[in-house]
Amino acid sequence: MIDSHPQPPAPPPLAEAQWLWRRLYVFAASFALWLSLSEVVDRTEPRALPAVASGLMSLLALTLVLYLVAPTAQQLVALLADLRLRLGGAK
């Protein structure tokens, strides 16, 4: 049997999931943070530098984990939609 109801077109992918825009954002944010952190290190007293370096390494680790492991916005939307169907119960 042929369904007489046409399917709505799929929404276009979010820009965040596209390679170019995601990389441009990461490069711009990294450069801005690098400039800011360079200024902070220049103004820090020599005795406080080990603590600042430790904090900066922790911040870098968090940024890398979020960038490499965190799902994209599209993946989160799909996950939430799937969860809603499972919790609501398929009828």
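Here the structure is a predicted model, which means the values were calculated and not measured. (Residues numbered from 1 in each chain as written. Predicted model: local features only at pLDDT ≥ 70, side-chain atom pairs only at ≥ 80, totals over all residues. Heavy atoms only, no water.)

Caption draft 1: Structural context of the layout of surface pockets. Its boundaries defined by the atoms lining it, the largest pocket holds a volume of some 570 Å³. Around the largest pocket, the lining is made up of 19 residues, and of these V26, S30, L33, T63 and L64 lie nearest the centre. Of all elements in the fold, only α1 (19-43) and α2 (49-69) reach the threshold of two or more residues within the lining of the largest pocket. Of the residues in the lining of the largest pocket, the class split is 15 nonpolar, two polar and two charged. (1 Å grid on protein atoms, 1.4 Å probe; cavity = no way out; pocket = protein on both sides within 12 Å on 5 of 7 lines; lining within 4 Å. Points joined across faces, edges and corners; volume = space filled by probe spheres on them. Helix = DSSP H or I, 4+ residues; strand = E, 2+ residues; numbered from the N terminus. Nonpolar A, V, L, I, M, F, W, Y, C, P; charged D, E, K, R; others polar.)

Caption draft 2: View of the pattern of salt bridges. One pass over the structure, following the stated rule, counts two salt bridges. Put simply, R86 and D82 hold a salt bridge, and the shortest N to O gap is 3.1 Å. Of this pair, R86 and D82 both sit in helix α3 (residues 73-88), four residues apart, roughly one helical turn. Accessibility expressed as a relative area gives 36% for D82, which makes it partly exposed. (Salt bridge = Lys/Arg side-chain N within 4 Å of Asp/Glu carboxyl O. Buried < 20%, exposed > 50% of the residue type's maximum accessible area, 1.4 Å probe, protein only.)

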